[in-house]
Amino acid sequence: MIKKILFADSGKGHSEELLRYLLELPALQDISLNILHVVPPQVTTQAMSDKWEEGGKILAETIQHLQLDPSKVNTLLRQGDPKLTVREVADEIDADLIIMGSRGLKRLESILENSVSQYVFQLTGRPMLLVKDDIYVKKLNRIMVAMDRSAVAEQSLDLALFLMQNIKGGEVILARVNPDLSPDLLPISPAEAEQNPILAEAAKKARQRGVKYRCVVTAGRPGEKICELAEQNNVDLLMLGSPERRPSVAKALPDLDRLLGTSLSDYVRVYANCPVLLVRTPT
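Residues numbered from 1 in each chain as written. Predicted model: local features only at pLDDT ≥ 70, side-chain atom pairs only at ≥ 80, totals over all residues. Heavy atoms only, no water.

### Structural notes on the overall build of the protein chain
Thinking step 1. A tally of helices and strands in the protein chain yields 11 helices and 10 strands.
Thinking step 2. When each of the 283 residues of the protein chain is scored for burial, the buried share is 52%.
Thinking step 3. Of all intrachain contacts in the protein chain linking residues separated by at least 6 positions in sequence, the fraction that spans at least 24 positions is 78%.
Thinking step 4. Per element, the accessible surface of the protein chain, about 13600 Å² overall, is 49% carbon and sulfur. (Helix = DSSP H or I, 4+ residues; strand = E, 2+ residues; numbered from the N terminus. Buried < 20%, exposed > 50% of the residue type's maximum accessible area, 1.4 Å probe, protein only. Contact = heavy atoms within 4.5 Å. Areas by Shrake-Rupley, 256 points an atom, 1.4 Å probe, with all protein chains shown as cover.)

Have a look at this one:
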């Protein structure tokens, strides 16, 4: 599942808080933690030296703030374009998960504002956990997984069950948004929701893993409804699959649908009121 985490630290935002809560999970006690700070190229040697020193301090402060044993953390200080360097380092260490802060910029704004997290998401094939600057980060006791028939949704479910193992009071919410479901049939009780063919299989897997779960089904636009369900259920972490759609020859190029905000994952990334873990490949 998750054995190596790459935490791309900018020295601000709530991503450090979420990382602390992740490291408390029983399932992640033996992970390899890699903390990266990227120093952008500078015009003068002195400016570069100053930025390099500042980056070293940020890494040291992060370890101190998280109360980590320095001997058990791999710190990386690199120079380059952050958008490219984060992805390159993730490939270099073969990270199972990338964690980054995000300003939650909408659509074209992410391009015009030169959003690092958005570009990394476009170009990486690895699961990515985005933590917006304007949300409240909580202890991880309730994870919601957006379910459909895709393989990547199944991977999201497996990861959620892995993270919630042995968590006292922990719960995985299995959510299904059916755009074709008549609003007249709502609301649907948890017992009825569990009869949904997709959620029935997910619930079976949760029972087998010994993880407490609850099923919810609703109708409407998937992006909007997923965000609504996350808020209504006071979710600590939202997980959904974001399958790779580009041909292999274009994997080094951004996905324009996501950059322009027309994909489900991009909508949820922007509007969800909790951290979002986007699963891209098997973990």
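Further notes follow.
### Side note on the confidence of the model for the protein chain
Thinking step 1. Confidence in the prediction for the protein chain averages 85 pLDDT; 87% of positions are at 70 or higher.
Thinking step 2. Note that residues 104-114 has pLDDT below 50 and, in this model, 25 contacts with residues that lie over four places away or in other chains. (pLDDT = per-residue confidence, 0-100.)

### Some remarks on the pattern of salt bridges
Should the charged atoms of two oppositely charged side chains come close, the side chains can pair.
Thinking step 1. Applying the stated rule across the entire model yields 16 salt bridges.
Thinking step 2. One salt bridge in this structure joins Arg-142 and Glu-171, with 3.4 Å as the shortest N-O distance. Residue Arg-142 is located in strand β6 (residues 142-146), and its partner Glu-171 is located in strand β7 (residues 171-178); the two are separated by 29 residues in the primary sequence.
Thinking step 3. Look at Arg-142 and you get partly exposed, because its relative accessible area is 25%. (Salt bridge = Lys/Arg side-chain N within 4 Å of Asp/Glu carboxyl O.)

### Topic: the packing of helix α6 (residues 151-163) against helix α8 (residues 197-209)
Thinking step 1. At a closest axis distance of 11 Å, the pairing of α6 and α8 adopts a crossing angle of 25°. In this view, α6 runs roughly parallel relative to α8, as classed from their interaxial angle. Read as a crossing pair, α6 and α8 show a hand that is right-handed. Contacts from Glu-154, Leu-157, Asp-158, Leu-161 and Phe-162 of α6 reach α8 at Ala-202, Lys-205, Ala-206 and Arg-209.
Thinking step 2. For the contact of α6 with α8, the class distribution of residues is 5 nonpolar, no polar and 4 charged. (Axes fitted to C-alpha atoms, helices over the stretch in contact; angles between N-to-C directions. Parallel < 35°, antiparallel > 145°, perpendicular 65-115°, else oblique. Left-handed = near helix turned anticlockwise from the far one by under 90°. Nonpolar A, V, L, I, M, F, W, Y, C, P; charged D, E, K, R; others polar.)

### Quick notes on the pairing of strand β4 (residues 97-102)
Thinking step 1. Most of β4 is tucked away, with 5 of its 6 residues classed as buried.
Thinking step 2. Where strand β1 (residues 4-8) lies against β4, 3 bridges are found, and the strand directions are parallel. Note on β4: the bridge partner recorded for Ile-5 is Leu-97. (Pairing = 2+ DSSP bridges.)

### Here's the deal with the sheet that holds β7
Thinking step 1. Read from one edge of the open sheet, 10 strands run β3-β2-β1-β4-β5-β10-β9-β6-β7-β8, paired in mixed fashion. Whereas interior strands pair on both sides, the edge strands pair on one side only; in this sheet they are β3 (73-79) and β8 (213-219). Direction aside, neighbouring strands of the sheet carry axes that sit 20° apart on average.
Thinking step 2. Both strand β9 (residues 237-241) and strand β10 (residues 276-279) contribute to a ladder of 4 bridges, which runs parallel. Paired with Gly-241 across the strands is Val-279, a residue of β10.
Thinking step 3. Sitting on the sheet, helix α3 (residues 82-93) touches β1, β2 (32-39), β3 and β4, and the angle it makes with β2 is about 155°.
Thinking step 4. Across the face of the sheet, helix α9 (residues 222-232) comes into contact with β6, β7, β8 and β9 while running at roughly 150° to β7.

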